[in-house]
Amino acid sequence: MNAPDLRRIDEAAPDAGPRSPTVFVRTLSTPPGLPWDQARAAALEARVGAPLPLADVVYRLRRLEAWSPGRPARYAACYVRAAEAGETFSTTVEVDGRTLPIQFLSAAERGRQARRLGILAAVVAVTVLSLGSAISSALAVRADTSDRLGMAEQRAALKLRQAQTQARLHEEARMLDAAGARHRALGDFLTDLAWASAAKAPGAHINALHWERGYVAVEVRGDAPPFTAGDRAVIRADKPIRPGVWLWGVGPAGSAAASSANAPSSVAAAP
């Protein structure tokens, strides 16, 4: 900061009546910074460089130049004796060839300002606390709402999965009905289809498959056995159901031995 530049300004000319309080003026500067930081630095410098103890003087600060980023700030610090500043008064001072108006407040007015600032600070503090409480309440409500939405989303997802499962089961039942395999599990139905495809004899002409009580009825063109696998009982009907079309019955897996032991001689002898 600049060295003090302190001078006395006597507002009253000789023999001009009652003398006005004597004003002492000094200029000071602060480093570049934000306006409020520069104002605090100037106030500190004004107190430190006061011509008399702070209890004996009243001072006022005036910025001499507009704030600009990256530039130092210049201030005028004006002092009067506290004993002379009994009442509020206004005057002018000369600083760097410029005339600046300045007003000094009485002790009563300074007290009133201090009280107003205290009340304002209390109001600001209460407002901040109220805002903090409101924000905390809002955050709590938001968290509770988020939890509720999360639970609602979970319930909705569960219902969706249940609906999808029901739709899949309905579609499976529809497919089984269309294939004539009502009351059979889809897995058993697919197992029968896979077995029929793998065990089909070369040259066999299968027209259709039907399911009834765990058995598969196969319509085959010609009287040759349609399957070559021996793990299931495959029995031909005694007569064709249509000219050239025979019906073969296919038992569940592992039914070949029992079927051969219990089958009538006419069926067992069938090709």
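Refer to the structure presented above.
Keep in mind that what you see is a predicted model, and the values were worked out from it rather than measured. (Residues numbered from 1 in each chain as written. Predicted model: local features only at pLDDT ≥ 70, side-chain atom pairs only at ≥ 80, totals over all residues. Heavy atoms only, no water.)

Caption draft 1: A look at helix α1 (residues 35-48). Taking 1.5 Å as the rise per residue, α1 with 14 residues should run 20 Å; its terminal C-alpha atoms sit 20 Å apart, in good agreement. Along α1, the residues that are buried comprise Gln38, Ala41, Ala42, Ala43, Glu45 and Ala46. Taken together, the buried residues of α1 touch β2 (23-30), β3 (57-63) and β4 (73-81). (Helix = DSSP H or I, 4+ residues; strand = E, 2+ residues; numbered from the N terminus. Expected span 1.5 Å × (residues − 1). Buried < 20%, exposed > 50% of the residue type's maximum accessible area, 1.4 Å probe, protein only. Contact = heavy atoms within 4.5 Å.)

Caption draft 2: Structural context of a nonpolar patch on the surface. Among the surface-exposed residues, Leu117, Leu120, Val124 and Val128 lie close enough to one another that they form a single nonpolar patch of about 380 Å² accessible area. Turning to its location among the elements, leucine 120 is positioned in helix α2 (residues 107-178). (Patch = residues over 30% accessible without salt bridge, like charges linked within 9 Å, V, L, I, M, F, W, Y side chains within 5 Å. Areas by Shrake-Rupley, 256 points an atom, 1.4 Å probe, with all protein chains shown as cover. Salt bridge = Lys/Arg side-chain N within 4 Å of Asp/Glu carboxyl O.)

Caption draft 3: Just empty space enclosed by the protein, in detail. Tallying each qualifying case throughout the model produces 1 cavity of 30 Å³ or more. Estimates place the volume of the largest cavity at around 30 Å³. Along its surface, the largest cavity is lined by Asp192, Trp195, Ala196, Leu209, Val216, Val218, Phe227, Arg232 and Val250. At the level of secondary structure, the elements contributing two or more residues to the lining of the largest cavity comprise α3 (186-199) and β8 (215-221). With 3 residues, α3 is the single largest residue contributor to the lining of the largest cavity. Class assignment for the residues of the lining of the largest cavity results in 7 nonpolar, no polar and 2 charged. (1 Å grid on protein atoms, 1.4 Å probe; cavity = no way out; pocket = protein on both sides within 12 Å on 5 of 7 lines; lining within 4 Å. Points joined across faces, edges and corners; volume = space filled by probe spheres on them. Nonpolar A, V, L, I, M, F, W, Y, C, P; charged D, E, K, R; others polar.)

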